[in-house]
Amino acid sequence: MPSSETTQLRIYCVCGQKMKVSEDMFGRPGKCVACRQKIRIPRPEELPANTSELYLKDHPEFLRKVKHRPVDEREVSPPAEEDGKRKRLSAPIDVLEPLRLLCSLRAIADKQIRALDELSPKAAKAESANRAELLGHRTRIKNLQADLEEELRQRLMETAIELSSVQEKIAELSLAVRVGEVSFPEYQEHVERLRRKRDHFERRQTNLRGWLTVEDPYRAGGLQDVSLNQIPGSLPRITLPGEPDTGTSLLNSHVEELRHAFEQRSRSERKLGEAERMKTGAAMSERSMEECLAEAEAERGRARVRVQFCRERLEQLAEDFASDMDGLDAQLDHARGRLKAGRIDREEFNEVERRCLRARGDLTKARALVVRALAANTTDEVPRLRGTFLDRLAKPTKPTRTPAESWVAFVSAALMLFVLFLPIAGESTPLELYRALAAQGAESHWLVSFPMVTAILIALISFVPQRTVRGLALAVIWLLAGLLSAVYFHEAAYEMGLVAERLRDGGPLLQRTGIVVYFLSLCGVGIASAIALLPPRDTRPVFPVVALVMAVGLVAIFTDFAGMRVASPVIDVTPTLIEGEYPARYETNVTVRNEGARILVLASDSTMANAYDFILDSQIGESSWADAGTPEKIVAGGREFTIASAGPQIVSIPGGSEAVMTFRLSPGTYRVLLNANDPAKSRQREFTLEGREETAAPAPEGTAQGEEPGEAAQPPLSPELLRQIAPQVVLRGVMATPGKPAVFSILVSLPDGRSRAETYSVGDEVYDGWVAGEFNPQEQTVTLTKGSDILILRRGETYVLAPPNGPAS
């Protein structure tokens, strides 16, 4: 009695059908319930222990051979058939390269294993390790073949479902034309496309069924010269032939396909005859001759299947033409009924009748050609297709309307060109900016050339006939144009050129008409790409990947890579007391260090996002601040700038670098401001310089303590006059241009904390009768005079103006 393991045996036929074996069927003959393949069910003792599944593809000894005479090609030709039935040949039409590779590897592994099995026991023992390795290779190949078989079965099921759906649509359309719901020209346009799709699925189904029955490399397409080191790690991608995109009619396609099939059959038969004649010679070994014969037989088998498939398609086409004629007759009957009912006049009826009669004549000629093609059995007997009716039959296959994605792409390209006439910076359009900035030497042609070239490419891609290629090209254009445009406009906020400066005018990007329309046009290109790529199964994952890359790229660009690519200023202050100077002064170095990854720019009144306005203020009251003046020198990027050389208007600090501004400051409280356009990015630092305790200098001989030297002692100052003493002046800077009077800036600080900074020329009154009397361009000094009193001002130094009855110092 068989064990419990064998009672659960399941047998897998070579066609893939799974069959459960009951206990009373062991050792008996049987047939596959699907393909009717005769098999012999093994006895329990013939099965390995714990076997639950048996694949007949791996155990051909359980297949029963069917005895039959060779089938001649003429026996399967339609003229000799009765009731339209013929034996279907089991072989693929086309070659599947992954299947061919795996079959070749399996044959090579089996051949090497057989060679080791033929060795003597001693030699076989020495090659045991090699044999184990070969068995491992064969197991890997079997696993890959099983995966491929499962994939092909899945594709076969999907193809059968799609074929059934197409056939239902054809039947519904035929019914619609017969009841008059659609006109015959509209019917022809749609039914030709559906029939072409139906024949494509029929060919794919024939291939899939044939590939599932292939066992040797010759039927798979021919033995490949490969080594076992080329066994793939995983199942290669299965790419099935796509639907042919042609403007010819189905009649032309099938007749030419039949002609090529006859040529292939003739070549294979000649090759087989030559191999048979060479079989008696001694030039080739017996095994090589067997391989040559097997390859020739396999090629002839594929040719016969191709011939049979073409004849079946032509027979189906003849039935289609008969159905079209019935539809024409129904259309004429409906036209006569409308004429009798007065819904159309005689002229309209005559036009409908003329079109129907001409279409019926074309179908009659086409059906006669099909009959001649079916009667052919050689290449020369296949009829040559000629006549204008063939062109009329082919017209429905040509697309009569533009695909939806092409319309969307056209509109997007038009919008992109229209942007050239819309404002993108203030009130200026790209064309106006190009003309204005090109005259100043700026490289502004990208504002015009980039959208023009992109729009032209989009328009050209819309004419590509292959939907997949069209969709992929639009996706690439969308991705590149979107990311490059985002980089261009975002980086304009940080650049110092004329083009970038003009592009920063007009507020946020999404509030400018031209920019909004431009990005809408790019969105249209993305939508066109989605329409083309999402319906086909093979390209469906492409658009989500491209859209994800676009989204991630835009977020990275407009967030400066999550804040990693921004300017980050840090302020340091280093004061140093100047020895021997009265009153006390500090040489103060204010360092601005850039710890970010983008260039930091020190510039006043700049619209750049990375620009900061550097200000040093001194405290003159409890909550009042005044400008502390300009630095004596600036050191940045290894270069030193001085005020005497007019100083730089813009200081650039790359990432990781710093700029040092040197000031001469009196004791007091100061603050350093770095004001950015975005208040959140501004920086501030306050510091205090402490004064030192001063001692009175000894009076000269002959002068009483508390008296000033002079010809006569001055009377003591009243309290009202004391409150007016010690106004201070500082020469902040000088601007001397050849041919123009010198202009200099002087800061006047009053004892009550008020101050004013104004520009003066020679002859102007500075304060309380003190007049700018002279400017020395060599020494860069200004001489103030008040009566007989003289005060020489040097840049950056503080001087005390004498009170009304005292000298200047």
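Here's a quick rundown of the structure. This one's a predicted model, so the numbers in the text were calculated from it and none came from an experiment. (Residues numbered from 1 in each chain as written. Predicted model: local features only at pLDDT ≥ 70, side-chain atom pairs only at ≥ 80, totals over all residues. Heavy atoms only, no water.)

## Details of the packing of aromatic side chains
This structure, assessed with the given rule, holds nine aromatic pairs. Seen from their ring centres, Phe184 and Tyr187 are 5.6 Å apart, and the 40 degrees between their planes marks the pair as tilted. In this pair, Phe184 and Tyr187 both sit in helix H5 (residues 184-213), three residues apart, roughly one turn of the helix. Here Phe184 matches Tyr187 in class, with each residue buried. One Lys or Arg, Arg598, reaches over the ring of Tyr494 and ends 3.6 Å from the middle of that ring. (Phe/Tyr/Trp six-rings, centres within 6.5 Å; stacked < 30°, edge-to-face > 60°. Helix = DSSP H or I, 4+ residues; strand = E, 2+ residues; numbered from the N terminus. Buried < 20%, exposed > 50% of the residue type's maximum accessible area, 1.4 Å probe, protein only. Lys NZ or Arg CZ within 6 Å of the ring centre and 35° of its normal.)

## Topic: the packing of helix H10 (residues 404-418) against helix H12 (residues 446-461)
At a minimum axis separation of 9 Å, H10 and H12 run at an interaxial angle of 165 degrees. Looking at the two axes, H10 sits roughly antiparallel to H12. The interaxial crossing formed by H10 with H12 has left-handed handedness. Of the residues in H12, those in contact with Ala409, Phe410, Ala413, Met416 and Leu417 of H10 are Pro451, Met452, Thr454, Ala455, Ile458 and Ala459. When grouped by side-chain class, the residues that make up the contact of H10 with H12 number 10 nonpolar, one polar and no charged. (Axes fitted to C-alpha atoms, helices over the stretch in contact; angles between N-to-C directions. Parallel < 35°, antiparallel > 145°, perpendicular 65-115°, else oblique. Left-handed = near helix turned anticlockwise from the far one by under 90°. Contact = heavy atoms within 4.5 Å. Nonpolar A, V, L, I, M, F, W, Y, C, P; charged D, E, K, R; others polar.)

## Digging into the nonpolar core
One finds Phe184, Tyr187, Leu251, Val255, Leu258, Leu314 and Val370 to be the most contacted residues of the largest nonpolar core, which totals 42 residues. Secondary structure elements with two or more residues in this core: helix H4 (128-178), H5, helix H6 (250-278), helix H7 (286-340) and helix H8 (346-375). The next biggest cluster of nonpolar side chains, apart from the first, holds 36 residues, and it includes Ala409, Leu437, Ala442 and Ala481. (Core = buried A, V, L, I, M, F, W, Y, C linked by side-chain atoms within 4.5 Å.)

## What about the environment of Thr539?
Structurally, the position occupied by Thr539 is in the loop between helix H15 (513-533) and helix H16 (542-558). Owing to a relative accessible area of 8%, Thr539 belongs among the buried residues under this scheme. C-alpha separation for the pair Thr539 and Leu472, spaced 67 residues apart in sequence, amounts to 8.5 Å. Discounting residues that sit within four places of it in the chain, Thr539 has contacts with Thr468 and Leu533. One polar contact links the side chain of Thr539 to the main-chain carbonyl oxygen of Leu533, over a distance of 2.9 Å. (Polar contact = N/O pair within 3.5 Å; in protein donor to acceptor, adjacent residues only side chain to side chain.)

## Quick look at the pattern of salt bridges
Counting across every chain of the model gives 38 salt bridges. The residue Asp199 makes a salt bridge to Arg198 at a minimum N-O spacing of 3.2 Å. With relative accessibility at 5%, the residue Arg198 sits in the buried group. Between Asp572 and Arg593 there is a salt bridge; the shortest N-O distance is 2.6 Å. Taken together, the positions of Asp572 in strand S6 (residues 569-577) and Arg593 in strand S7 (residues 586-594) put the pair 21 residues apart, joining distant regions of the chain. (Salt bridge = Lys/Arg side-chain N within 4 Å of Asp/Glu carboxyl O.)

## Brief notes about unusual backbone geometry
Here Ala562, not a glycine, exhibits a phi torsion of approximately 55 degrees, which is positive. If you trace the backbone, Ala562 turns up in helix H17 (residues 560-563). You can call Ala562 exposed: its relative accessible area is 69%. If you check the backbone angles, Gln780 has positive phi at about 55 degrees while not being a glycine. Inspection of the secondary structure puts Gln780 in the loop between strand S21 (770-776) and strand S22 (781-786).

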